[in-house]
Amino acid sequence: MALIGLRGALYLQLLLGVLLILNVIGGPGVRMVHISLGILVAVSAIFVLRPLPAAPNNWVRSAARFAPLVAFAISFVLQAFGIYGASVGYIHVALGIATIGIVEAAAAGQKRE
């Protein structure tokens with residue numbers, strides 16, 4: 001059940017990010033929700049994707065466990081140092097999409113076992 005929640009939060013995070021990039025929605029409140037959800041996803045992924053006896057403990061699961069944290073940390077550091085621009089946005093989007101892919105792969109592996 002927690003894995004479904006993590007996956008849902010990732011897709012909500014993606015939706016908010018896309019709407020922010022396209023300027024469909026905006027404002028500091030929406031941006032803070034996007035950031036807060038990123039923190040929640042990063043922390044919950046470490047717990048939800050921990051090694052379990054019923055799930056395969058392979059590199060995909062290990063990568064999925066820390067991918068949201070890496071994506072958040074890199075984006076946070078870029079923002080903290082005031083590095084903005086289209087290239088930073090592209091890096092952020094690429095990390096987010098890669099994170100969703102690796103978490104989905106880990107979820108599929110857990111379902112198969």
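See the structure shown above.
Residues numbered from 1 in each chain as written. Predicted model: local features only at pLDDT ≥ 70, side-chain atom pairs only at ≥ 80, totals over all residues. Heavy atoms only, no water.

In this section: the side chain of His34. Within the element layout of this structure, His34 appears in helix 2 (residues 28-48). Sequence-distant contacts of His34, defined by excluding residues within four places in its chain, comprise Gln13, Leu16, Gly17, Leu20 and His92. (Helix = DSSP H or I, 4+ residues; strand = E, 2+ residues; numbered from the N terminus. Contact = heavy atoms within 4.5 Å.)

Here the focus is the pattern of salt bridges. All told, the structure shown has one salt bridge when counted by the stated rule. In this structure, the salt-bridge partner of Glu104 is Arg7, at a minimum N-O distance of 2.9 Å. A residue pair is termed long-range when its members are at least 10 positions apart, and Glu104 in helix 4 (residues 86-112) and Arg7 in helix 1 (residues 2-21) qualify at 97 residues. (Salt bridge = Lys/Arg side-chain N within 4 Å of Asp/Glu carboxyl O.)

Here helix 2 is 21 residues long and its end C-alpha atoms lie 29 Å apart, about the 30 Å a rise of 1.5 Å per residue gives. Within helix 2, burial applies to His34, Leu37, Gly38, Val41, Ala42, Ala45 and Val48. The buried residues of helix 2 occupy one face: seen down the axis, they fall within an arc of 145 degrees. For helix 2, the exposed residues set more than 90 degrees away from the buried face come down to Pro28, Leu40, Val43 and Phe47. (Expected span 1.5 Å × (residues − 1). Buried < 20%, exposed > 50% of the residue type's maximum accessible area, 1.4 Å probe, protein only. Arc of directions from axis to C-beta.)

Even without being a glycine, Asn23 presents a positive backbone phi close to 60 degrees. Relative to the helices and strands, Asn23 resides in the loop between helix 1 and helix 2. By relative accessible area, which is 67% here, Asn23 ends up exposed.

Membership of the largest hydrophobic core comes to 18 residues, with the highest contact counts inside it found for Leu3, Leu6, Val41, Leu49, Ala64, Ile102 and Val103. Elements with a contribution of two residues or more to this core: helix 1, helix 2, helix 3 (59-80) and helix 4. With near-sequence residues (within four places) excluded, Ala64 lies in contact with Ala45, Leu49, Ile102, Val103 and Ala106. (Core = buried A, V, L, I, M, F, W, Y, C linked by side-chain atoms within 4.5 Å.)

Right, let's get into a nonpolar patch on the surface. A cluster of nonpolar side chains, contributed by Tyr11, Leu14, Val18, Ile21, Leu22, Val24, Val93 and Ile97, occupies part of the molecular surface with about 700 Å² of accessible area. Ranked by the residues each element gives to the nonpolar patch, the list is headed by helix 1, at four residues. When you line up the elements, Tyr11 lands in helix 1. (Patch = residues over 30% accessible without salt bridge, like charges linked within 9 Å, V, L, I, M, F, W, Y side chains within 5 Å. Areas by Shrake-Rupley, 256 points an atom, 1.4 Å probe, with all protein chains shown as cover.)

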